[in-house]
Amino acid sequence: MSAPAKAKTIKGETGDWEIVIGMEVHAQVLSESKLFSGASTRFGADPNSQVSFVDAGFPGMLPVINEKCVEQAVRTGLGLKAQINMSSIFDRKNYFYPDLPQGYQISQYKNPIVGEGEVLIDLKDGETIPVGIERLHLEQDAGKSLHDQHPDSSYVDLNRSGIALMEIVTKPHMRSSEEAAAFLKKLRAIVRYLGTCDGNMDEGSMRADVNVSVCKIGGYEEFRRTGSFKTLGTRCEIKNVNSMRFIAQAVEYEARRQVDLIEGGGTVVQETRLFDSRAGETRSMRSKEEAHDYRYFPDPDLLPLELDPAWVEAIRASLPELPDEKKARFMALGLSAYDAAVLVSERETADYFEAMLAAGAEAKAAVNWLNNEYFGRLNKAGLAINDGPVSAKANADIVAMVAEGLISGKIAKDVLDIEWETRTGDPRAAIVEARGMKQVTDTGAIDAAIEAVIAANPDKVEEVKAKPKLAGWFVGQVMKQTGGKANPAAVNAALKVRLNLPDEG
Amino acid sequence: MAASNDLISMTLAQARDALRDGKVSSRELTGAFVSAIEAAKPLNAFITESGEQALKMADASDQRIAKGEGGALEGLPLAIKDLFCTRGTRTTAASKILGEFVPPYESTVTQNLWDAGAVMLGKTNLDEFAMGSSNETSFFGPVFNPWRANDSNANLVPGGSSGGSAAAVAADLCLAATGTDTGGSIRQPAAVTGRVGLKPTYGRCSRFGIVAFASSLDQAGPMTKTVRDAAIMLKTMASVDAKDSTSADLAVPDYEQLMEGSIKGLRVGIPKEYRIDGVPAEIDALWTRGADWLKAQGAEIVEVSLPHTKYALPTYYIVAPAEASSNLARYDGVRFGYRAADPKDITDLYERSRGEGFGAEVQRRVLIGTYVLSAGYYDAYYAKAQKLRTLIARDFTSAFDQCDVLLTPATPGPAFAIGSKTADPLEMYLNDVFTVTVNLAGLPGIAVPAGLTANGLPLGLQLIGKAFDEGTLLRAARAVEEAADFKHSPAKWWSV
């Protein structure tokens, strides 16, 4: 079920305030070459080693659109359940900067390739909330200025110049820093599922600008009802928010700053602010008045981008199963909304889980095992799911052995630890048999353990006869005696006979 | 071996046949032009002469010809407007800001020429970044028109912006030359130097490697002695080029063949709006004579209307500077070309490199272009100009329902004296009144020499064709050429 976002209110001196958030995300298109040139897009190459004359803005050079980048934008648009515009236009955004060799960025201004769409974000309580997508357009990335290479000179690296970016703009539909982070997480999952962006925020291939405003309680509802921005506050755009954690920090700081400013008699001015992750605060970068006049106009070097509907349909037909669909399928297997959302949030995790199912694990038991045991170990070791030492089949085997009553939950944990170290890939055969960990259902061994416990604890025997519910204590002691190898059900049955306990039904 | 003067006064077609028949070698031919260029320094037609390289290319051509190989232009010496990037040869766009820029790449048009065996004599002078109608805005100084009035020794402009190419063709300094035409820069200089200038349909010749002025209007084309030569040149210059997204994906026909034949039944439109005030009577008279020539050869003359003609110049002087202001942003002193000395910071580097590197006319157009695109003015200027451009193009479409080609004057007057129009930019801009409409509509146009003024200066007529119908256009141009029988050449006053 999806419901409109719930406001997270901020207490002010004059009453409660609501936060309203919109985002602009720059996602680097996964492609071999740049948006308008044949230069490579590989990350981490030597400075200026992946620069064509087009990227460097040499005289007489002309841009030629890379069809792969267009395909990736369309694929992303389809993944965002958005309208694909069959005709779109590339514009020039003019400004001077040393890392912008042409003196303009080729972007899409009035006619983007993708229009309105929607992303469902998954919240902690399992609830989902729709966030409207305003548009997605293609544009060139700029180069990179390097100010720390020389005491009194700056250098420019143009490797990034001309790489294709998708700018994805949301509607102001988020109401808390948690929702903003959840949106970015979901968007990242979608583009990763689609294979259109690697989503690596630390390499800069996904960057977010966050628009934050505050309004009095009710202002947002009014905006949603009327579509008029009048009841919303003035927004500030926070640039350079490069991790999930920073988004939360930046939003919290900025919303509080705006509330304090307004309540102190000031007004929020529309401006661009920079998030300083070290100080944990936002600082003014430039005001609306100082904003560039970009002098957009259609790029005369490029024809309007016309898409063939059949081509778009072919892309649609080739889309993989996306997180929401996968989540629904997992929920149909009996998983909770929350568990399903956690599994699908990374494609690799979902794939791992599905590999466990394929290897015979039961869905609910598998997700519990992953959540309670395996994910924790991975986190502690700082490993991604695909880098972990235990294969999906091995984990599935362990879960299955528990289900079969072959090993106890406690032994299962030991088996996991051993498998983690030894990586046999076959815990069933390799570990249980070899190390004698198969659960003891040998009644002789169990009876011997029971006798030993009774002999050592005559007082407890009297107590349990009066209060049969204390039998659990005896079970625990017997398990201890057998080193955890005894089958708890067999121990229970033997105890009942030996102590003459009534059946509890 | 023929006398040097006979060699350099050949047409491209004659030289091609002479080379093919072994009557002359490319080295002889090229050598004659190299000498002629040396003797013609007073004209200032070239910015960079590449005689040594030309002779090497000529030798290579002679070897290919000897083996019975060779392309369509094998061994034929040409001059290249210095707006085409040439690998290893300095390319200036006649601007200080490009400094000693030597491109590590070749423009598609010139590559096509070299692939066909042509020989490069050098890079010709032009208005800075092709912005001008008189070749007076060049950082390398003005070009003098080889023609002088028979009643004066005053130096005249060769037109612009392809003034160096026009002068080189008229003064027999090359067999043919390349030009570029954004608002008339091939046709106007060809007309005032008594030679042929063809601006092809937008998209016919690749713009790759041509220093951009106004991308939606720029188009390369040939400047030649005859209409046949223009057809020969265009066949090689034109191509379908994946490196230019606006290049037309249409096969290049054999224009020399399409040029042949009668114009019987051809409908020639006379746009009434081109009869404008202030144009000398001899221009009008020439226009009428041109129509009569075509009629005499069996064409049907029809009066047509291009109602938005009067908006063409203002539209052009919004669209072209707007695009130029953006195209010229890359000249910032950071990566190549001229850089101001000892900049204080990045802003100072930009401001002084551009302030010192661009001439006055270029700065004027960059300012106009920046203004018409800025917030609050875009709708009033650029957006409106784009609408007018559509209307102007529509005018032509309607006119071509009634006719196959249009006949107009090429220029509002003959070549004028150096310095006589530099004080008033608007008066200078009026030189393009008959030519800019064609660029705005993306159509092909050709200037053909048609007569002399009373004091002996050449005048041209312009023919305008349907998009990608250069064949018909050339056929009509040939009819004008034959009827005009223009055999005049300037007296070679510069080499005495």
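Everything numeric in this text was worked out from a predicted model, so none of it was measured.

The rules behind each value
Residues numbered from 1 in each chain as written. Chains lettered and ligands numbered in written order. Predicted model: local features only at pLDDT ≥ 70, side-chain atom pairs only at ≥ 80, totals over all residues. Heavy atoms only, no water. Helix = DSSP H or I, 4+ residues; strand = E, 2+ residues; numbered from the N terminus. Rg over C-alpha atoms; globule rule 2.2 N^0.38 Å. Buried < 20%, exposed > 50% of the residue type's maximum accessible area, 1.4 Å probe, protein only. Contact = heavy atoms within 4.5 Å. Areas by Shrake-Rupley, 256 points an atom, 1.4 Å probe, with all protein chains shown as cover. Salt bridge = Lys/Arg side-chain N within 4 Å of Asp/Glu carboxyl O. Buried area = accessible area lost by both parts, 1.4 Å probe. Polar contact = N/O pair within 3.5 Å; in protein donor to acceptor, adjacent residues only side chain to side chain. Nonpolar A, V, L, I, M, F, W, Y, C, P; charged D, E, K, R; others polar. Pairing = 2+ DSSP bridges. Axes fitted to C-alpha atoms, helices over the stretch in contact; angles between N-to-C directions. Phe/Tyr/Trp six-rings, centres within 6.5 Å; stacked < 30°, edge-to-face > 60°. Right-handed = clockwise from strand over helix to strand, strands pointing away. Core = buried A, V, L, I, M, F, W, Y, C linked by side-chain atoms within 4.5 Å. Parallel < 35°, antiparallel > 145°, perpendicular 65-115°, else oblique. Left-handed = near helix turned anticlockwise from the far one by under 90°. Domains from an automatic or database assignment. Patch = residues over 30% accessible without salt bridge, like charges linked within 9 Å, V, L, I, M, F, W, Y side chains within 5 Å. 1 Å grid on protein atoms, 1.4 Å probe; cavity = no way out; pocket = protein on both sides within 12 Å on 5 of 7 lines; lining within 4 Å. Points joined across faces, edges and corners; volume = space filled by probe spheres on them.

## Remarks on the overall build of chain A
- Check the secondary structure of chain A and you find 16 helices and 16 strands.
- The C-alpha radius of gyration of chain A comes to 30 Å, more than 25% above the 23 Å expected for a compact globule of 505 residues.
- Its C-alpha atoms give chain A principal-axis dimensions of roughly 95 × 55 × 55 Å.
- Counting every position in chain A, which comprises 505 residues, the buried fraction comes to 52%.
- Restricting the contact set of chain A to residue pairs at least 6 apart, pairs at least 24 apart contribute 71%.
- Summed over its atoms, the accessible surface of chain A is roughly 22,900 Å², and 51% of this surface lies on carbon and sulfur atoms.

## Thoughts on the pattern of salt bridges
- Under the defined criterion, the tally for this structure stands at 63 salt bridges over all chains.
- A salt bridge links A:Arg283 to A:Asp276; the nearest nitrogen and oxygen atoms lie 2.8 Å apart.
- Residue B:Arg352 pairs with B:Glu356 through a salt bridge whose shortest N-O separation is 3.5 Å. Here B:Arg352 and its partner B:Glu356 are both found in helix α12 (residues 346–357), four residues apart, which amounts to about one turn of the helix.
- Residue classification places B:Arg352 among the partly exposed residues on the basis of a relative accessible area of 26%.

## Focus on the interface of chain A and chain B
- Counting residues at the interface gives 30 residues for chain A and 37 residues for chain B.
- Between chain A and chain B lies a buried interface of about 2,800 Å² when both sides are counted; carbon and sulfur atoms form 60% of it.
- Of all residues in chain A, the largest losses of buried area upon contact with chain B belong to A:Pro59, A:Phe96 and A:Arg295, amounting jointly to 22% of the total for that side.
- Here chain A is connected to chain B by one salt bridge.
- Our count for the contact surface shared by chain A and chain B stands at 16 residue pairs in polar contact (both at pLDDT 80 or more).
- Those elements that provide at least two residues to the side of chain A that touches chain B are β4 (91–94) and β15 (297–298) of chain A.
- Here the residues of the side of chain A that touches chain B are counted per class, giving 20 nonpolar, five polar and five charged.

## Some points on the pairing of β4(A)
All names here are of chain A.
- The alternating pattern of β4 places Asp91 and Lys93 and Arg92 and Asn94 on opposite faces, both of which are buried.
- Alignment of β4 against strand β5 (residues 104–107), held across four bridges, turns out to be antiparallel. Residue Arg92 lies in a different strand from β5, and its bridge partner there is Ile106.
- Both β4 and β15 contribute to a ladder of two bridges, which runs antiparallel. Looking across to β15, one finds that Arg92 is bridged to Phe297.

## Quick notes on the sheet that holds β15(A)
- Within the open sheet, the three strands sit side by side as β5-β4-β15 (chain A). Their pairing is antiparallel. For this open sheet the edge positions go to β5 and β15 of chain A, each flanked by a neighbour on one side alone.
- This element, helix α11 (residues 312–327) of chain B, spans β4, β5 and β15 of chain A of the sheet and lies at about 60° to β4(A).

## A short note on the packing of aromatic side chains
Residue and element names in this part refer to chain A.
- What the rule picks out here adds up to 33 aromatic pairs over all chains.
- For the ring pair Tyr220 and Phe223, a centre distance of 5.7 Å and an interplane angle of 55° mean the geometry is tilted. Residue Tyr220 and its partner Phe223 are located together in helix α3 (residues 219–226), separated by three residues, close to a single helical turn.
- Among the residues examined, Tyr220 registers a relative accessible area of 2% and is labelled buried.
- On the accessibility criterion, Phe223 (7% relative accessible area) is buried.
- For the ring pair Tyr294 and Tyr296, a centre distance of 6.0 Å and an interplane angle of 65° mean the geometry is edge-to-face. Each member of the pair, Tyr294 as well as Tyr296, is classed as buried.

## Looking at the environment of A:Gly264
- Structurally, the position occupied by A:Gly264 is in the loop between α4 (244–263) and β13 (271–276).
- On a C-alpha basis, the gap between A:Gly264 and A:Ala310 in space is 58 Å, while along the polypeptide they are 46 residues apart.

## Quick notes on the pairing of strand β8 (residues 300–304) of chain B
Residue and element names in this part refer to chain B.
- Bridge count for strand β7 (residues 267–271) against β8 is five bridges, and the pairing is parallel. If you follow Val268 over to β8, its bridge partner there is Ile301.
- Handedness of the β7-helix α10 (residues 281–296)-β8 crossover: right-handed.

## Some points on the nonpolar core
Residues and elements named next belong to chain B.
- The biggest cluster of nonpolar side chains holds 161 residues, and the ones touching the most others in it are Leu73, Phe129, Leu173, Phe396 and Leu463.
- With nine residues, the top contributor of residues to this core is α11.
- Those residues within four positions of Leu173 in sequence are excluded, and the remaining contacts are Phe33, Ala36, Ile37, Ala40, Leu43, Ala45, Phe46, Leu121 and Ala168.

## Regarding the packing of helix α2 (residues 177–194) of chain A against α4(A)
Residues and elements named next belong to chain A.
- Running from N to C, α2 and α4 cross one another at 150°; their axes reach a closest spacing of 8 Å. Considering the angle they form, α2 stands roughly antiparallel to α4. By crossing handedness, the relation of α2 to α4 is classed as right-handed. Touching Ser177, Ala180, Ala181, Leu184, Lys185 and Arg188 of α2 are Met244, Ile247, Ala248, Val251 and Glu252, all from α4.
- Here the residues of the contact of α2 with α4 are counted per class, giving seven nonpolar, one polar and three charged.

## Describing the domain arrangement of chain A
- The domain architecture assigned to chain A consists of domain 1 (9–291), domain 2 (328–433) and domain 3 (443–499).
- Of note, the centres of domain 1 of chain A and domain 3 of chain A, computed from C-alpha atoms alone, are 64 Å apart.

## A look at a nonpolar patch on the surface
- Together, B:Tyr371, B:Tyr377 and B:Tyr381 make up an exposed nonpolar region whose accessible area comes to about 270 Å².
- Checked against the element boundaries, B:Tyr371 lands in helix α13 (residues 360–373).

## Section: the packing of helix α8 (residues 227–237) of chain B against helix α17 (residues 470–484) of chain B
All names here are of chain B.
- Where α8 contacts α17, the axes come no closer than 9 Å and their chain directions differ by 160°. Classified by the interaxial angle, the pair formed by α8 and α17 is roughly antiparallel. On α17, the residues touching Val227, Arg228, Ala230, Ala231 and Leu234 of α8 are Glu470, Leu474, Ala477, Arg478 and Glu481.
- Among the residues making up the contact of α8 with α17, the classes are represented as six nonpolar, no polar and four charged.

## A few points about the layout of surface pockets
Residues and elements named next belong to chain A.
- By volume, the second largest pocket amounts to about 1,000 Å³.
- Along the walls of the second largest pocket sit 33 residues, with Lys185, Ala341, Val342, Ser345 and Glu346 positioned nearest its centre.
- Elements that contribute at least two residues to the lining of the second largest pocket include exactly α2, α4, α7 (337–344), α8 (347–358) and α9 (363–381).
- With seven residues, the top contributor of residues to the lining of the second largest pocket is α2.
- A class-by-class count of the residues in the lining of the second largest pocket yields 15 nonpolar, seven polar and 11 charged.
- Residue assignment places the lining of the second largest pocket across two domains, with domain 1 (9–291) and domain 2 (328–433) each supplying three or more.

## Side note on the side chain of B:Asp332
Residue and element names in this part refer to chain B.
- Looking at where Asp332 falls in the secondary structure, it is placed in the loop between α11 and α12.
- From its side chain, Asp332 meets the backbone nitrogen of Val334 in a polar contact 2.9 Å long.
- A polar contact of 3.3 Å, which involves the side chain of Asp332, links it to the side chain of Arg335.
- Setting aside anything within four residues of it in sequence, one finds Asp332 in contact with Leu349, Tyr350 and Ser353.

## Focus on unusual backbone geometry
Residue and element names in this part refer to chain B.
- Look at the link from Gly160 to Ser161: it is a cis peptide, with omega at 10°.
- By secondary structure assignment, the location of Ser161 is in the loop between β3 (119–124) and α6 (163–170).
- The phi dihedral of Asp172 is positive, around 60°, even though this residue is not glycine.
- Here Asp172 lies in the loop between α6 and β4 (176–181).
- You can call Asp172 buried: its relative accessible area is 7%.
- For Asp485, which is not a glycine, the phi torsion comes out positive at approximately 45°.

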